[in-house]
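Residue-level listing of the chains:
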Amino acid sequence: MGVAKPFDIPKKLVWAAYLRVKQAGGAAGVDGQTIEGFESDLKNNLYRIWNRMSSGTYFPPPVLRAEIPKRDGGKRALGIPTVSDRIAQTVVKMALEPSAEPTFHPDSYGYRPGKSAVEAVGRARQRGWRYDWVLDLDIRAFFDSLDHELLLRAVRRYTQSRWILLYIERWLKAPIQVGDGSIEARAMGTPQGGVISPLLANMFLHLGFDTWMQRTHPAVPFERYADDVLVHCATERQAQAVLQDVKTRLLQWKLEVHPEKTKIIYCKDSNRPGTAAVESFDFLGFTFRPRRA
């Protein structure tokens, strides 16, 4: 008889996670192993992931940092886990998402099954006709600034599973390997590019922003795509008041509103004769601006 594992993780779940990672594709991590390379010894590689996760001895390798250009000319740092680690993260995501997903706010659109950026843009367009002002919120370095203790506290609101909490904590602490091969420790944040990161971000902002907005500003609608947020207000004064409240709220969650990128915008159109300093904004790759009808 084999020795019982401390964690009951079905082998079928590891297989399903592998199929998802294979379908998604993606680059090799710090070990240089591609999906094709992983598949050259598929049975043993999958067994190794299952065995280590089930016994509590799975430790994620460092995450490979890659930088991609941003639209504003800056660089966005992505973290690329190894193929094995992407499968392990997908195992946890598939175990955790079914219980978390139904609790999320209907106007949270990012990285959710059955939701899309196009849907978020469409809703923003409709509300732009009904509300004269938009608060375009930018959270400064959101993924890099997440506080680990607060994030784990948020995750515990969704699960008490020991193995899920154990591995999420290990992923948060996994170091980063930079271009010259050196290793950097990470004390905060979760890498963009990690399989589990978008779900963790949605959990954090559901509790830190969405439910708080529902409670404190029930008449103020918003669209949120991960850390991209639009808030619709009837007046400029209301938008300024909501912004001050959001700043205070985010500070409680150890986050900060970006002072330059956060803007209050007047939704000018042919029915709105007034003018304001800012009358256009970008949301998920679309520009909203006045146009003659």
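These notes cover the structure that comes with them. Residue positions within a chain follow its written sequence, with the count starting from 1. The predicted nature of this model means local features are confined to residues of pLDDT at least 70 and side-chain atom pairs, given and counted, to a pLDDT of 80 or more, with totals for whole chains, interfaces and linings taken over all residues. With hydrogens and water set aside, each side-chain value is computed from the structure's full complement of heavy atoms.

1. Some points on the state of the cysteines
Next up, step 1: Two cysteine sulfurs form what is called a disulfide whenever their separation falls within 2.5 Å. Throughout the structure, instances matching the rule amount to zero disulfides.
Next up, step 2: For C233, which is in no disulfide, the shortest distance to another cysteine sulfur is to C267 and amounts to 9.7 Å.
Next up, step 3: Classification of residues uses two cut-offs on accessible area relative to the type maximum, computed with a 1.4 Å probe and protein chains only: under 20% is buried, over 50% is exposed, and between them is partly exposed. Take C233: its relative accessible area is 0%, and that puts it in the buried class.

2. Some thoughts on the environment of E67
Next up, step 1: Relative to the elements of secondary structure, E67 occurs in strand β1 (residues 63–69).
Next up, step 2: On the basis of relative accessible area, E67 is assigned to the exposed category, the value being 52%.
Next up, step 3: Any two residues having at least one pair of non-hydrogen atoms within 4.5 Å are treated as being in contact. Other than its neighbours up to four places away in sequence, E67 contacts K75, R76 and A77. Under the scheme used here, helices are H or I runs from DSSP no shorter than 4 residues and strands are E runs no shorter than 2 residues, and both carry numbers assigned from the N terminus.

3. Some remarks on the packing of aromatic side chains
Next up, step 1: Geometry of aromatic contacts follows a simple scheme: Phe, Tyr and Trp rings, the Trp one being its six-membered ring, pair when their centres are within 6.5 Å, and the pair is stacked under 30 degrees between planes, edge-to-face over 60, tilted otherwise. Tallying each qualifying case throughout the model produces 13 aromatic pairs.
Next up, step 2: Here the aromatic rings of Y58 and Y167 are separated by 6.0 Å at their centres, their planes lie at 75°, and the arrangement is edge-to-face. Of this pair, Y58 sits in the loop between α3 (42–55) and β1 while Y167 is found in helix α8 (residues 162–173), placing the two residues 109 residues apart along the sequence.
Next up, step 3: A relative accessible area of 7% means that Y58 is categorised as buried.
Next up, step 4: With 5.3 Å between their ring centres and 80° between their planes, F209 and F222 make a pair best called edge-to-face. Here F209, found in helix α9 (residues 197–216), pairs with F222, found in strand β6 (residues 222–225); they are 13 residues apart in sequence, far enough to count as distant. For the pair shown, F209 and F222 are each scored as buried.
Next up, step 5: Here the aromatic residues F142, F143, F204 and W253 are joined through ring pairs into a cluster of three or more.
Next up, step 6: Two conditions define a charge located above a ring, namely a distance within 6 Å from the ring centre to NZ of Lys or CZ of Arg, and an angle within 35 degrees of the ring normal. A cation over an aromatic ring shows up here: K11 above the ring of W50, its NZ or CZ 4.6 Å from the ring centre.

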